[in-house]
Amino acid sequence: QVQLVESGGGLVQPGGSLLLSCAASESIFRFAAMGWYRQAPGKQRELVATISSGGRTNYVDSVKGRFTISRDNAKNTLYLQMNSLKPEDTAVYYCNAVPTDSSWPWGQGTQVTVSS
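This one's a predicted model, so the numbers in the text were calculated from it and none came from an experiment.

Even after reading the chapter, I still don't get the environment of Pro 87, so can you show me in this structure?
With respect to the helices and strands, Pro 87 occurs in the loop between strand 8 (77-82) and strand 9 (91-97). Classification of Pro 87 as partly exposed rests on a relative accessible area of 46%. Beyond its immediate chain neighbours, meaning those up to four positions away, Pro 87 contacts Pro 14 and Val 114.

Here it is, written out as structure tokens:
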């Protein structure tokens with residue numbers, strides 16, 4: 001199984017920025033389409049950004065122009081640069097393959113809180 005470890009979350013004021021990282025334990029990472037998911041309290045987990053193994057990206061409308069997903073295959077690491085953060089971005093953020101697979105269990109996630 002691939003282990004995924006997210007980091008970089010925290011408390012930030014509206015309009016602020018955060019950089020999330022996700023370290024994968026296996027080099028198979030570089031062949032996988034990956035995504036950042038988030039789950040807000042009382043809501044279902046949603047996929048907000050994806051990146052193919054070749055670097056093609058896609059975003060949900062609510063984060064377009066504010067979030068940037070990227071990857072470093074040499075480091076088996078996925079990133080999410082989040083700018084112009086809004087209170088509605090508050091959630092636990094997870095990385096995982098797209099689509100998800102049982103051999104890629106969910107990590108612990110990283111909490112992002114946007115509040116003044």
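Just checking my understanding: could you explain the sheet that holds strand 9 for this structure?
Hydrogen bonds along the backbone pair up the strands of a sheet, which may run parallel or antiparallel. The sheet built from six strands is open, its strands ordered 2-10-9-4-5-6 with mixed pairing. The open sheet has two edge strands with one neighbour each: strand 2 (10-12) and strand 6 (57-59). Across this sheet, the average inter-strand angle for adjacent strands is 25°, counted without regard to direction. Bridge count for strand 2 against strand 10 (residues 110-114) is three bridges, and the pairing is parallel. In the sheet register, Val 12 faces strand 10, and the bridge partner there is Val 114.

Thresholds applied
- Residues numbered from 1 in each chain as written.
- Predicted model: local features only at pLDDT ≥ 70, side-chain atom pairs only at ≥ 80, totals over all residues.
- Heavy atoms only, no water.
- Helix = DSSP H or I, 4+ residues; strand = E, 2+ residues; numbered from the N terminus.
- Buried < 20%, exposed > 50% of the residue type's maximum accessible area, 1.4 Å probe, protein only.
- Contact = heavy atoms within 4.5 Å.
- Pairing = 2+ DSSP bridges.
- Axes fitted to C-alpha atoms, helices over the stretch in contact; angles between N-to-C directions.

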